[in-house]
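# Tertiary structure, described
These are the residues of each chain, in order.
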Amino acid sequence: ELLVELHQQEYSTDYVQLVHGMWALHLCHEVVYLRQQGSLPSALVNLAFEVPLRKPDYPSKQASGVLSRAALIQIALHDPARVRNQQLNSQAEAPIRQPRGPRVKDELFSSLAHRDAQVWVSEPYLHLGARTRMWAVWRSRHLMLWNDLSQVRSITAKPNLLVRSAFAARSSRDASQAGLLAMLVALLLPSEMAEALPAIQRKVLPVGSNQPRIIYTANSQHYRTSFKVAAAQLIADGSKLYVHQHGGGYGIDELHIGEHFDRSVADRFFTFGWNDPNDQRVQPLPTPHRSERLNSNRHTLLVCAEYITEFFRFQSFCLPEHSEKVLQETRLFLKEMNSTSEIHLRMAPSGPIPLARLGDGVAKCKIAEMHESGP
């Protein structure tokens, strides 16, 4: 309904599920979590809120003079009427340096594809060197178009504050859970997933100039808005979406919203060997055996969990209260290790553990690169 008011055009349920579904799941989880956090802090009074331009991987922290996403949700939970009087601003457009490498790679890979390629590949779960991947692209050029849409990753548009404020005010008068969520969507939905949709649609049109039979990805369906917009349009015209498992507890966790989302939007979901007899869309694929090493490593690779201070979603590695416990256990582990042990410490890229908090133990460690394998 918000998109209709912004653009005066209809969007199908399938389109919204693919483009906005993961974002909406995170919002619902955050509302449930913050509802349990108690009373509203007095420091949140009379602060403005800025409509985000882009979707961060994690909620942004409280900035000086500006309400964070979590703070706005807390206000809405305790006193929805206050939201109608909330000052709403546009977030300042921060210049983003687009790395040239991914854009050049996309252009090169796309240029190699045959004009009748029937499969569009975006961000597959491949840990390959540049030479090996180039060889794979060349060998599959008659069948596959490889394009991650890196060149349209950061398109935004100025938020329509008038439409958003009116929609939020109207929704805030609905005391139901649906009314609360509708109000929050109007205030929190990043402009790249709202006002910028027509611009993104125009930018990704060349990808769909030859209608592919299959769209294949392992990662783009979660966070790359340009991919989701292009895929949603192609699916509406008859393409099928195939998603491949990419790790992170899939098939293991009892509740895994990433897996739930992937399986709900995919026509076929490929796994690392496990099956689900209740879901015919799930198809196991063989996992290649790891090649034998010529030289064995003489060090220990310690892979650290993310250090989360803001709630993200209900999942074992994403609750803030786990972070301090993980930090203490990591520090204890380093102290118990033999002083002669060579430890390579791999930090999580999106939420690294603060090294200073590891104390003397960090002196034993060498910071490992992401591509480095274990012993």
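Quick caveat, the model's predicted, so the values are computed rather than measured.

Procedures and definitions
- Residues numbered from 1 in each chain as written.
- Predicted model: local features only at pLDDT ≥ 70, side-chain atom pairs only at ≥ 80, totals over all residues.
- Heavy atoms only, no water.
- Helix = DSSP H or I, 4+ residues; strand = E, 2+ residues; numbered from the N terminus.
- Polar contact = N/O pair within 3.5 Å; in protein donor to acceptor, adjacent residues only side chain to side chain.
- Contact = heavy atoms within 4.5 Å.
- Axes fitted to C-alpha atoms, helices over the stretch in contact; angles between N-to-C directions.
- Parallel < 35°, antiparallel > 145°, perpendicular 65-115°, else oblique.
- Left-handed = near helix turned anticlockwise from the far one by under 90°.
- Nonpolar A, V, L, I, M, F, W, Y, C, P; charged D, E, K, R; others polar.
- Buried < 20%, exposed > 50% of the residue type's maximum accessible area, 1.4 Å probe, protein only.
- Lys, Arg positive; Asp, Glu negative; His and termini not counted.
- Salt bridge = Lys/Arg side-chain N within 4 Å of Asp/Glu carboxyl O.
- Pairing = 2+ DSSP bridges.
- Right-handed = clockwise from strand over helix to strand, strands pointing away.

## Re the side chain of Thr-217
In this structure, Thr-217 sits in strand 6 (residues 214–217). Here the side chain of Thr-217 touches Ser-220 through a polar contact of 3.1 Å, landing on its backbone nitrogen. Setting aside residues no more than four positions away along its own chain, Thr-217 makes contact with Ser-122, Glu-123, Phe-227, Leu-241, Tyr-242, Val-243 and His-244.

## So, the packing of helix 2 (residues 13–35) against helix 11 (residues 225–236)
Geometrically, a packed helix pair is captured by the angle between its two axes and the distance between the axes. Following both chains from N to C, one finds helix 2 and helix 11 inclined at 160°, their axes separated by 9 Å at the closest point. What the angle tells us is that helix 2 and helix 11 run roughly antiparallel. Note that helix 2 runs across helix 11; the crossing there is right-handed. For the pair helix 2 and helix 11, the contacting residues are Tyr-15, Leu-18 and Val-19 in the first and Lys-228, Val-229, Ala-231, Ala-232 and Ile-235 in the second. Residue composition of the contact of helix 2 with helix 11, grouped by class: seven nonpolar, no polar and one charged.

## What to know about the side chain of Asp-262
In this fold, Asp-262 is placed in helix 12 (residues 257–265). Of the side chains bearing the opposite charge, Arg-263 lies closest to the buried Asp-262, which forms no salt bridge; the N-O distance is 9.1 Å. One polar contact links Asp-262 to His-222, side chain to side chain, over a distance of 2.7 Å. Those residues within four positions of Asp-262 in sequence are excluded, and the remaining contacts are Gln-221, His-222, Val-243, His-246, Tyr-250 and Phe-269.

## Some points on the sheet that holds strand 6
The strand order across the open sheet formed by six strands is 5-4-6-7-8-9, and the pairing between neighbours is parallel. Looking at the sheet topology across the chains shown, the edges are occupied by strand 5 (144–146) and strand 9 (282–284). The average undirected angle you get between the axes of adjacent strands in this sheet is 25°. Both strand 4 (residues 119–122) and strand 6 contribute to a ladder of four bridges, which runs parallel. Residue pairing for strand 6: Val-119 is matched across the bridge by Ile-214.

## Some thoughts on unusual backbone geometry
Even without being glycine, Gln-8 reaches a positive phi, approximately 55°. Secondary-structure assignment places Gln-8 in the loop between helix 1 (2–7) and helix 2. On the basis of relative accessibility, which here comes to 66%, the residue Gln-8 falls in the exposed class. Of note in this structure, Leu-149 is not a glycine but carries a positive phi near 60°.

## Description of the sheet that holds strand 12 (residues 365–367)
As summarised here, the arrangement of the three strands in space is 10-11-12, forming an open sheet in which the pairing is parallel. Here the strands that pair on one side only, and so sit at the sheet edges, are strand 10 (300–303) and strand 12. Mean inter-strand twist for the sheet, computed between neighbouring axes without regard to direction, equals 35°. As paired elements, strand 11 (residues 343–346) and strand 12 share three bridges and run parallel to each other. Each bridged residue has a counterpart across the sheet, and for His-344 the counterpart in strand 12 is Lys-366.

## Quick notes on the pairing of strand 7 (residues 240–244)
Strand 7 sits mainly inside the fold: four of its five residues count as buried. With helix 12 bridging strand 7 and the parallel strand 8 (residues 268–271), this β-α-β connection has right-handed handedness.

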